[in-house]
Amino acid sequence: MAGNDWINSYLEAILDVGPNLDDPKSSLLLRERGRFSPTRYFVEEVITGFDETDLHRSWIKAQATRSPQERNTRLENMCWRIWNLARQKKQLEGELAQRKAKRRLERERGRREATADMSEDLSEGEKGDIVSDISAHGESNKGRLPRINSVDAMETWASQQKGKKLYIVLISLHGLIRGENMELGRDSDTGGQVKYVVELARALGSTPGVYRVDLLTRQVASPDVDWSYGEPTEMLTPINSEDFMDEMGESSGAYIVRIPFGPRDKYIPKELLWPHIPEFVDGALSHIIQMSNVLGEQIGSGKPVWPVAIHGHYADAGDSAALLSGALNVPMLFTGHSLGRDKLEQLLKQGRLSRDEINTTYKIMRRIEAEELSLDSSEIVITSTRQEIDEQWRLYDGFDPVLERKLRARIRRNVSCYGRFMPRMIIIPPGMEFHHIVLQDGDMDGETEGNEEHPSSPDSPIWSEIMRFFTNPRKPMILALARPDPKKNITTLVKAFGECRPLRELANLTLIMGNRDGVDEMSSTSASVLLTVLKLIDKYDLYGQVAYPKHHKQFEVPDIYRLAAKTKGVFINPAFIEPFGLTLIEAAAHGLPMVATKNGGPVDIHRVLDNGLLVDPHDQQSIADALLKLVAGKQLWARCRQNGLKNIHQFSWPEHCKTYLSRIASCKPRYPQWQRSDDGAETSESDSPSDSLNIQDISLNLKFSLDGDRSGASGNDNSLDSEGNAADRKTKLENAVLSWSRGVSKDQRKAGSGDRADHSSSTGKFPALRRRKHIFVIAVDCDSNEDLLDVIRKIFEAVEKERTEGSIGFILSTFMTISEIHSFLISGGLSPNDFDAFICNSGSDLFYSTINPEDGPFVIDFYYHSHIEYRWGGEGLRKTLVRWAGSITDKKAGNEEQIVTAAEQLSTDYCYAFGVKNAGMVPPVKELRKLLRIRALHCNAIYCQNGTRINVIPVLASRSQALRYLYVRWGVDLSKMVVFVGDSGDTDYEGLLGGLHKSVILKGICSSASNQLHANRNYPLSDVIPVDSPNIVQTSQDLTSSDIHDALENLLKS
């Protein structure tokens, strides 16, 4: 810990408080503890586990108190605080141990069950070898892609990419993002991530084979920020664009695209963006579709050019990228940058905030769920270091390094994983631009040699600002560049320098500790570190040997590196843990050898560059010895410098982009399936959906399971048929009906007249929802069919005129199967033609009503299945769910009655349904999702009908995603949709609120569901529902058709 010099006087004060222990007036704490050693107690129980900032502040106040009685009272209160902190520390350590033990047991149980379900015993290859296996993360030397080792090799690779024209979408939502003059450090949201994503977009846009890159972010038109953040589009200046001018097209290059969402006139922190994520997703979806069509006209021969990947940065963008990936059926990549579970663990260890307080402040549980969803959805997770994988990602339910190795081995051997999957963890260090770097080949005794490209430049002003501190400025400079944070371990570096006389005689020390105007204006933690450094300088009499300038500008940092290199100095990063270490790469690019912590990212950097020494940051002597070796050993210094310069290209942006694109190329291409056509012009001649929809009588559907309902031919059969055979049967059956459908279309076009022609004309306008001015989506989750029927009638009555005219269409969105819907409509006196579409099984099936009775009442959209089937677990998932259901029993009953049972008749190929007898005895939905993620099964579990039914569907399927599919497939404008919901609903309720569509909350409907289903959420609904949105209105408590009509008028006018 930093800033502990005051402890000696603090302990002396404790020892001096009042009379001895036997005195009846002595401290209560001392009397209760008996033979109590304040020194030992303080050191062992407090210093080792807590930040002393608050105690230090209290000690300063106590020390300044003149009255001895008041001073003693203050110090005794501090003793009680120490005791309380120590008690909290022990409690936190116990809770942490319990969490780790529970997580370990859950992981082991999940591995055993997954291994048992995957029929074959694990071979030696599946067990994985940390050293030689091309394992979970592709980190061994054998598994790495070949590096580009020369300019010729880079040119060869570039020439191979020139035929490709890729479209890539990057997403980074929070902070202020622009291409030039980035305001890094303006606030906690505008930092290194902003710089990284802008440079990545710029570098990819200049890479051969990439036609366009869109960096999507938030549009901010607030008076508090610069006007440039309100510009809808900004083109990023390409890097070395002259090399690729022949490839430049009308819309090519890299762009920042700002999507408006959230409060229009406010710049808000990232913690407050969560309720507005759906609005961003809808806006981004519109942009991507428009751009894909534009690119299709330019380079795609008229066919849309879909993104080859959507890459989310940080949890909020990861959540958005997952929804966009599902809506478009394209691959997703994810980079966490900073992870929520790791931050939560650190905050809990500090003991300053409870779990609820942490969640209130940081919305940490919503962030963690977004990161879990990103793991569910991503093909690849890009990290900077192995430490991020081993220490941070392994905290998540959706990633287990051991199980991932086993799955990876099975994939390599082409053995089925039975629906299990984990994303590939890939280490790709951040890139850098090196073309502007000028190396210092001279020294302090002579002028730097210039050349034609980089003539010698005058000394930078920052040089004189640093050199004024030194008595002998010609000595080699030991350079540390870090903010004054205890984690950066600057005080240990100063101690190591001060206590090593040979090092002091040979070198100077320069500490670049951010910018400051005055110590009093710094945060208490930063001020404590700085004051400790100043005291150490005074203690070791380091005046004239240590520089610590107050100010420097961002553009002067390269000049500081150049100065250190000119003195033949060394760069050091002594942090206790360094997640990556970008400054080490920057220093190496300027010819500086390094001394760095052995904890974290520097290990990976050193493995590549081999340009210095790694040290234990807790070992002061080790730090001094490493620095002395490099400063005194000229040959070692020269070799490390040369190695760094020789290998630094491996951290360049071209190298980063080459590896990045190679990884994307390894992903299986995915895109909207209806773009594929076996019969060429057929699909483009008509707007009829006959190529993607299959019109059949419902009895035929039930017989062949084509509506997804349970039947003997379904993939849910209890027979021992393999998952692959079931899928083959389904595919053959669908293909047969598709061929029949296309054949009918051909016959209709050939007929040209008569009844067939009339029928073709009617289906050419299909589905009817494409013609509507507005679409009303009834997604009210009522406890009974009678309540739902009453709601539907009131909504119909509220817009009877528009409904009769046909300007408003209706969609019924529900947890029910199509068979249940059909029965419900018939029993309620309604017709299937009262609705244009039906979103069934909580969003896993999509049907349309038909105009011609001969075609039957419903049409199923098979392409929707291909859209949502990504990572569907199939039979492996079903077996796990059945086993879980069997474990939920009423132990109080004599026969341990089973609470959850499989509902075979309600299950479909993409929805496994379970009935619940006692909802109060079933674990909350978050526990079921956790259980499945630990077993590498990725799906969307939904508790329905007030907890009496459970639907498990594909991970990216939902009722809200089905609405986005209608926009992508049929062009149904999301802003023209109105979604009706109750006070509460199924556990997918939050997804129905927010976005570009309008929402009407029917007060008094489904209010009982809230207590049953939403009481045990990971995070409160208030964290994710945009209560102040103009797109959401509420009716009065006594619901009537007039109330609905008035609410709609207000909503549609706004």
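That block above? That's the structure.
Every chain's residues receive numbers from 1 upward, in the order its sequence appears when written. With the structure being a predicted model, the display of local features is reserved for residues of pLDDT at least 70 and the display and counting of side-chain atom pairs for 80 or more, all residues being used for whole-chain, interface and lining totals. Note that the side-chain values use all heavy atoms of the structure and ignore hydrogens as well as water.

## Topic: the overall build of the protein
Reasoning step 1: Strands here are runs of E lasting at least two residues and helices are runs of H or I lasting at least four, both read from the DSSP assignment and numbered beginning at the N terminus. The helix and strand inventory of the protein stands at 38 helices and 29 strands.
Reasoning step 2: Going through the 1054 residues of the protein one by one, you find that 57% of them count as buried.
Reasoning step 3: Contacts: residue pairs with any heavy atoms within 4.5 Å of one another. Long-range contacts, defined here as pairs at least 24 residues apart, represent 73% of the contacts in the protein between residues at least 6 apart.
Reasoning step 4: Here, Shrake-Rupley sampling with a 1.4 Å probe gives the accessible areas, and only protein chains in the shown set may cover a residue. About 44,700 Å² of surface is accessible on the protein, with carbon and sulfur atoms providing 49% of the total. A simple rule labels every residue: compare its accessible area, found with a 1.4 Å probe on the protein chains alone, to the largest value its type can have, and call it buried under 20%, exposed over 50%, or partly exposed in between.

## Thoughts on the packing of helix α30 (residues 785-798) against helix α38 (residues 1041-1053)
Reasoning step 1: Lines fitted to C-alpha atoms define the axes here, with helix axes fitted over just the stretch in contact, and angles between the N-to-C directions of these axes take values from 0 to 180 degrees. Here α30 crosses α38 at 55°, and the two axes come no closer than 8 Å. Classified by the angle between their axes, α30 and α38 sit oblique to one another. Judged by the sense of rotation from one axis to the other, the crossing of α30 with α38 is right-handed. Contacts from K794, I795, E797 and A798 in α30 reach S1041, I1044 and H1045 in α38. If an angle is under 35 degrees, it is roughly parallel; if it is over 145, roughly antiparallel; if it lies from 65 to 115, roughly perpendicular; otherwise it is oblique. Working rule for handedness: look at the near helix, and if it is turned counterclockwise from the far one by less than a right angle, call the crossing left-handed; if clockwise, right-handed.

## Examining the sheet that holds strand β10 (residues 508-512)
Reasoning step 1: Spatially, β11-β10-β9-β12-β13-β14 is the arrangement adopted by the six strands of the open sheet, whose pairing is parallel. Of all the strands in the sheet, just β11 (546-547) and β14 (612-615) have a single pairing partner and so form its edges.
Reasoning step 2: Across five bridges, strand β9 (residues 477-481) lies against β10 in parallel orientation. What sits directly across from L481, in β10, is I512. Paired strands are those between which DSSP finds at least two bridges.

## Examining the packing of aromatic side chains
Reasoning step 1: Two aromatic rings, drawn from Phe, Tyr or Trp (for Trp, its six-membered ring), form a pair once their centres lie within 6.5 Å of each other, and the interplanar angle then sorts them: stacked below 30 degrees, edge-to-face above 60, tilted otherwise. Overall, the coordinates contain 17 aromatic pairs when judged by the stated rule.
Reasoning step 2: Judged by centre distance (5.0 Å) and plane angle (50°), the rings of W393 and Y396 are tilted. One exposure class covers both W393 and Y396, and it is buried.
Reasoning step 3: Ring centres 5.4 Å apart and planes at 65° place the aromatic pair F776 and F980 in the edge-to-face group. Here F776, found in strand β16 (residues 774-778), pairs with F980, found in strand β27 (residues 977-982); they are 204 residues apart in sequence, far enough to count as distant. In this structure, F776 and F980 share a single accessibility class: buried.
Reasoning step 4: By the ring-pair criterion, three or more aromatic residues cluster together here, those being F776, F796, F810, F835, F838, F847, F858 and F980.

## A short note on the pattern of salt bridges
Reasoning step 1: Any carboxyl oxygen of Asp or Glu that lies within 4 Å of a side-chain nitrogen of Lys or Arg is treated as forming a salt bridge with it. Per the counting criterion, the structure on display carries 40 salt bridges.
Reasoning step 2: In this structure, D781 and R959 form a salt bridge, with 2.9 Å as the shortest nitrogen-oxygen distance. In this pair, D781 is assigned in the loop between β16 and α30 and R959 in helix α36 (residues 959-970), connecting sequence segments 178 residues apart. Of the two residues examined, D781 and R959, each falls in the buried class.

## Regarding the environment of I389
Reasoning step 1: Structurally, the position occupied by I389 is in helix α14 (residues 386-392).
Reasoning step 2: Assessed through its relative accessible area of 0%, I389 is described here as buried.
Reasoning step 3: Along the sequence, I389 and F399 sit 10 residues apart, while their C-alpha atoms lie 9.4 Å from each other.

## So, the side chain of T583
Reasoning step 1: By secondary structure assignment, the location of T583 is in helix α21 (residues 582-589).
Reasoning step 2: The exposure class assigned to T583 is buried, which follows from its relative accessible area of 19%.
Reasoning step 3: Contact partners of T583, with chain neighbours within four places excluded, come to L481, Y561, F571 and N573.

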